Amino acid sequence: MLYLMTNHPSRSTALVGREREQKRLASVSPRMAGVPRGSSGGRSAGLWQGRGRWRPALGALLLPSLLLIGVFTYYPAVRSLIGGFYAWNGFSPPTYVGLAQFNQYIHSPTFGPEVVHLVILVAGSIATTLVSQFTAAEVVTHLPSRVGRIVKYVLVLPIVFPPLVLIEVWDYLLEPNGLIDRIAVNVGLPHPSWLSNPHTALIGILLIGFPWISNLGFLIFLGGLQNLPKEIMDAARVDGTGALQRTFRIDVPLLFPQFRVVVILSGIYAVQNFVPILLLTNGGPGTATLVPGLDMYQSAFQNDQYGYGMAIGTLLFATMLVFTVVAMRALRPRTH
Amino acid sequence: MPHTTKRARLALLTSVATCLPAIAIGTGAVPAAASSPTVIKAVLPPNTGPITASDNAGLYQLTKEYEKAHPSVSVQWLPNNTSSITQANATVESQASGGAAPDLVWEQYGPVTSGSIPAGLLQNIKPYLEKPNPYVPGNKSWLSLFPASVIAYMTSPNGDIDIILGSAVETGMFYNKADFAKAGIKSTPATWAQFMADLAKLKAAGFQPFVFADGGLCNPSWFERLATSSLLANEVPKFDVNHAQVTTGLDDAIGIKKGIISMDNPRYAEVWKLLGQLRQYNYSGAATYDACTSQTATTPPLDSQALLSEGKVAIVWGGSWYIPNLNSIKGFAGKYGVFPEPTITSATTRYALNTVTRGVIGGPNGNGQWGVTSEKADHTMTPAKTAIVMNFLAWLFKPANLGYWINQSQKGGEIPIEKGAPVLNLPGLRSLLPTGKVPTVVDVVLDDVLTTAATTSGLRLVQEYMDGSLSYSNFASQWQSLLTSAAAAWAAANHVNLSKY
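Residue numbers restart at each chain and count upward from 1, following the sequence in its written direction. Just so you know, chain letters begin at A and ligand numbers begin at 1, following the order they were written in. Confidence filtering applies because this is a predicted model: local features only for residues at pLDDT of at least 70, side-chain atom pairs given and counted only at 80 or more, and all residues used for totals across whole chains, interfaces and linings.

This next bit is on the overall build of chain B. A run of DSSP states H or I qualifies as a helix once it reaches four residues; a run of E qualifies as a strand once it reaches two. Both are numbered from the N-terminal end. Counting secondary structure elements, chain B contains 18 helices and 12 strands. Between the two quantities, the radius of gyration covers C-alpha atoms and the globule rule is 2.2 Å times the number of residues to the power 0.38. Compactness check: chain B gives a C-alpha radius of gyration of 25 Å against a globular reference of 23 Å for 501 residues, within 12% of the reference. Dimensions of chain B, computed from C-alpha atoms along their principal axes, come out at roughly 95 × 55 × 50 Å. Think of it as a crowd count around each C-beta: if 20 or more other C-beta atoms lie within 10 Å the residue is buried, if 12 or fewer it is exposed, and in between it is partly exposed, with C-beta placed from the backbone throughout. Going through the 501 residues of chain B one by one, you find that 53% of them count as buried.

Below you can see the structure in the form of structure tokens.
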């Protein structure tokens, strides 16, 4: 019964209504109705006019942005890809070494631990993001409107805080004899030195941001849930569908595009965001929290091995590219 | 159509005009203001805040006096927020790669004289030091104001002097007197065996005996210096070709190649076995602390002095810079004591040579350590500007001035080096000063002597060893690999063929 809802007449009705609205808008303003260029509707809003001519004014206005993006985004990225093939200490002339630095990194004693830590952090980050942020979005969506609005603002507000503030707070909580340890002692629980214990340091890093709600993923899920077709929600309610059933049978399938975006963004963020590790543990104790991003940073900016750092960066880029492609294919939307 | 073309031209001109100033500034085509004074950019000592902070009041006053006497010169002091010399060197090398390094950079003698810093980054200032200091009447040369032992620290193997040194620190073990009394320890340990026995007594009495704070380099590097200099004292002549006070990168690379600085050499391996004995007495949060970090640090590594003053550990390793800090803590002055690092004797190991290592760890490592950057590292540097920078340094290093601003800044925790400079002589400091000749300091991995990468990796290995993640055998294997690769990397960076040694 629930799956037939995707072909429910009310959905067809919604589509017809949308076409009528488009035609109405077209009669007022073709541009608003999205009328294709060159049609009898009027002037094009795009860069190219009909018959191969382009609008130089728009092109000229785009020029500064393109230049800045080219210089400050694409050039450093391309330079970094090439730089991995050169040994360079940042001061003396670079020396071409081919794949030597890539091999050096892959065969380094810390490569294995770094990969393991990265997998744990990426998996943990994705899991906590999906569970906590989707759950929070679900709850907020179905709260009474006034309460929901207040809760939404309370949950979203921490996004604007500087990340360093969050890190400092968690340092206070997790440091030896920090607040968490003092509470644990008072209630008789174990109190590991979270960040200086090699067995708990990575867990401590994962804990940062608990309950992991105030982030972009929450907003993405919230927007998706609030834009689900009302007809389907009404039909589910009429059918007596429970909240859990509705969540897993309707909301999750319809939000697959959002899940895909959040998974990819969370994964990329987990790979790139080594700042908490840099500030709280510096990859330690020992190599307990060492990750490729931190190794890349320290190789370049601490050890003056810029070429080696760029080689690590290139490998990370390739890995994230593969991850993104796999995630895009694996999390294709299941509904039409 | 013409209307569109005209509008397009206007848009194009506007966008190009927007970009032009940025291009002009970026290429330096914007002409400089006429008749601007010479601006000296100098890096302040670490953990002292900006030039207007109280720690820098003396330096600030002297700078203003100099600027008043030299209206064409302006000094811009840059705060030093780096937490270690490793970080500081990384910063200056990054800046130098763009030709934007400051004129005066904070340095330490180890990386400068060892060959760890890229050649050509700092200038040889010996020609200036061989002339009289213009602010010291009657001196024959500026160098003559420094003790011969300090000149040895300043001099690179090729005879150049790329660093000037202003003050010395001494180091030792700071202990809680009440904890010692309750544990029944009546006198401070003079030997390593006595030290280990006292740690056991403290543990038995229920105290946390010691913290080997390895969140930063200070503790690991002091131990490496102490134990290696002590146990290898009779083998130093076999690999010391530079005969400097501190072994250089070349000396160490030769020592590694010859298998003297090697985990296969039981004498060298003993260094790390001794370190392992400290594990059972170590504070469990040690990796979060560093002995040399700023007292105001809020993210790790935190300051290990607090562990002593808050009664969390009975003994911390530290330096003379601790003395003013601990004395300023309300109610703590007089409740702590300090003793020199214990001597490793045959009561501890059969490889001991009973080498007295007082002064091995400390030395001219206090404030007032600067190098002058080269034209390649600092595009504003010229021979004329170098002369101005050295003149400013000569003013700061007039002995009376040096003593004034060092004492004002460090309150006696650091000892001005130059002859005739006033010294505060804090209580407790005298016990840390070397009483005789300081043996050759064998500094290998943990002080940026070979490569910074080796120092970073070495610190991680020591952390894993101290927290029990690595057994001794695993540590030994990885440390040996590190020694070998670091020596090869040093030789490659300095274009040295080790096969001829």
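Attention now moves to the overall build of chain A. Looking only at helices and strands, chain A has 16 helices and 2 strands in total. Sorting the 336 residues of chain A into buried and exposed places 30% on the buried side. Excluding contacts between residues fewer than 6 apart, the proportion of contacts in chain A whose partners are at least 24 apart in sequence is 65%. Residues are scored as being in contact if the C-beta atoms we place from backbone atoms lie within 7 Å.

As a further point, take the pairing of strand E5 (residues 171-176) of chain B. Residue and element names in this part refer to chain B. Of all 6 residues making up E5, 6 are buried, and the element is well covered by its neighbours. Note: E5 against strand E9 (residues 315-319), 5 bridges, orientation antiparallel. Opposite threonine 171, over in E9, you have glycine 319 as the bridge partner. Two strands qualify as a pair provided DSSP detects at least 2 bridges between them. The pairing of E5 with strand E10 (residues 336-339) spans 4 bridges and is antiparallel. Note that in E10 the partner of methionine 173 across the bridge is phenylalanine 339.

Now for the packing of helix H17 (residues 452-466) of chain B against helix H18 (residues 472-493) of chain B. Residue and element names in this part refer to chain B. Only C-alpha atoms enter the line fits that serve as axes; for helices the fit covers just the stretch in contact. Angles between N-to-C directions range over 0 to 180 degrees. Axis separation between H17 and H18 bottoms out at 11 Å; the angle between their running directions is 175°. In terms of orientation, H17 lies roughly antiparallel with respect to H18. Facing H17, whose interface residues are Ala454, Ser457, Gly458, Leu461 and Tyr465, H18 presents Phe475, Gln478, Trp479, Leu482 and Ala486. Oblique is the label for any angle not covered by the other classes, which are roughly parallel (under 35 degrees), roughly antiparallel (over 145) and roughly perpendicular (65 to 115).

Hydrogen bonds along the backbone pair up the strands of a sheet, which may run parallel or antiparallel. Residues and elements named next belong to chain B. Taken in spatial order, the 4 strands line up as E6-E9-E5-E10 in an open sheet, and their pairing is mixed. Two strands in the sheet have a free side with no partner beyond their single neighbour: strand E6 (210-211) and E10. Pairing of E6 with E9 involves 2 bridges; the strand directions are parallel. Paired with phenylalanine 210 across the strands is isoleucine 315, a residue of E9.

Now for the domain arrangement of chain B. Residues and elements named next belong to chain B. As far as domains go, chain B holds domain 1 (38-167 + 364-416) and domain 2 (171-363 + 429-500). Segment limits for the domains were obtained from an automatic or database-derived domain assignment. Computed over C-alpha atoms only, the centres of domain 1 and domain 2 are separated by 28 Å. Taken together, the contact between domain 1 and domain 2 spans 25 residues of the former and 28 residues of the latter. Of all the secondary structure elements, the ones that give two or more residues to the side of domain 1 that touches domain 2 are helix H3 (85-97), helix H4 (109-114) and helix H6 (148-154).

As a further point, take the confidence of the model for chain A. Residues and elements named next belong to chain A. The predicted model of chain A averages 83 in pLDDT, with 83% of residues at 70 or higher. The secondary-structure element of chain A with the lowest mean pLDDT is helix H2 (residues 30-33), recorded at 45, while helix H4 (residues 100-106) shows the highest, at 96. How sure the predictor is of each residue is captured by pLDDT, a score from 0 to 100. Note that residues 1-16 has pLDDT below 50 and, in this model, 14 contacts with residues that lie over four places away or in other chains. Within the model, pLDDT remains below 50 along residues 28-44, and this stretch shows 17 contacts once partners closer than five positions in the same chain are excluded.

The interface of chain B with chain A comprises 33 residues on the first partner and 33 residues on the second. At the level of secondary structure, the elements contributing two or more residues to the side of chain B that touches chain A comprise helix H1 (2-27), H3 and H17 of chain B. Classification convention: Asp, Glu, Lys, Arg as charged; Ala, Val, Leu, Ile, Met, Phe, Trp, Tyr, Cys, Pro as nonpolar; all other residues, Gly among them, as polar. In the side of chain B that touches chain A, the residues fall into 12 nonpolar, 16 polar and 5 charged.

Across soluble globular proteins, nonpolar side chains have a tendency to be buried as a group. Only buried residues count toward a nonpolar core: Ala, Val, Leu, Ile, Met, Phe, Trp, Tyr and Cys, linked into one set through C-beta atoms within 7 Å. Ranked by internal contacts, the top residues of the largest apolar core, which has 145 residues, are Val211, Val313, Val316 and Leu393 of chain B. Ranked by the residues each element gives to this core, the list is headed by H18 of chain B, at 8 residues. Inspection of this core shows a minimum of three residues originating in each of domain 1 (38-167 + 364-416) and domain 2 (171-363 + 429-500) of chain B. In this structure valine 316 of chain B touches Phe174, Val211, Ala291, Ser304, Gln305, Leu307 and Leu308 of chain B, once residues within four positions along its chain are discounted. Within the second largest apolar cluster, 46 residues are counted, among which are Val140, Leu202, Val271 and Phe274 of chain A.

Okay, helix H11 (residues 249-257) of chain B next. Residues and elements named next belong to chain B. Counting buried residues in H11 gives 8 out of 9 residues, a clear majority hidden from the surface. Listing the buried residues of H11 in full gives Gly249, Leu250, Asp251, Asp252, Ala253, Ile254, Gly255 and Ile256. Buried residues along H11 sit against H4, helix H10 (236-239) and H18. Of the residues trailing H11, glycine 259 is marked for its positive phi of about 80°.

All right, on to the environment of valine 131 of chain A then. Residue position: valine 131 of chain A is located in helix H5 (residues 111-141). Distance in space between the C-alpha atoms of valine 131 of chain A and aspartate 251 of chain A is 14 Å, their sequence separation being 120 residues.

Our next topic: the pairing of strand E2 (residues 73-80) of chain B. Residues and elements named next belong to chain B. Judged from the 7 bridges that link them, strand E1 (residues 38-46) and E2 form a sheet pairing that is parallel. Its bridge partner lying in E2, threonine 38 is registered against valine 73. Handedness is read with the strands pointing away from the viewer; a crossover is right-handed when the path from the first strand over the helix to the second is clockwise. Handedness of the crossover joining E1 and E2 through helix H2 (residues 57-69) is recorded here as right-handed.

Backbone phi values are negative for most residues with the exception of glycine, while trans is the configuration of most peptide bonds. Following glycine 284 of chain A, the chain continues to proline 285 of chain A via a peptide bond in cis, the omega torsion being 0°. Turning to its location among the elements, proline 285 of chain A is positioned in the loop between helix H14 (275-280) and helix H15 (292-301). With omega at 0°, the peptide bond leading from proline 300 of chain B into proline 301 of chain B counts as cis. By the secondary structure assignment, proline 301 of chain B is in the loop between strand E7 (289-290) and strand E8 (302-303). Unusually for a residue other than glycine, asparagine 282 of chain A sits at a positive phi of about 55°. Among the structural elements, asparagine 282 of chain A can be located in the loop between H14 and H15. In the Ramachandran plot, histidine 495 of chain B falls in the positive-phi region, its phi being about 55° despite a non-glycine side chain. Mapped onto the secondary structure, histidine 495 of chain B falls in the segment after H18.

Residue and element names in this part refer to chain B. Taken N-terminus to C-terminus, the directions of H11 and H18 make an angle of 135°; their axes are 9 Å apart at the nearest point. By the criterion of interaxial angle, the relationship of H11 to H18 is oblique. When you trace H11 past H18, the crossing you get is left-handed. Contacts from Gly249, Asp252, Ala253, Ile256 and Lys257 of H11 reach H18 at Leu483, Thr484, Ala487, Trp490 and Ala491. Split into classes, the residues belonging to the contact of H11 with H18 amount to 6 nonpolar, 2 polar and 2 charged. Here a crossing is called left-handed whenever its near helix is offset anticlockwise from the far helix by less than a right angle, and right-handed whenever the offset is clockwise.

Residues and elements named next belong to chain B. Looking at chain B, pLDDT values average 90 and 93% of them are 70 or higher. Low pLDDT, under 50, characterises residues 21-34; the stretch is placed with 3 contacts to residues that sit more than four places away or in other chains. Quick note on the complex model: pTM equals 0.82, ipTM equals 0.81.

Within the secondary structure layout, leucine 81 of chain A lies in helix H3 (residues 56-83). Each C-alpha atom, one on leucine 81 of chain A and one on phenylalanine 317 of chain A, is 9.2 Å from the other, the two residues being 236 residues apart in sequence.

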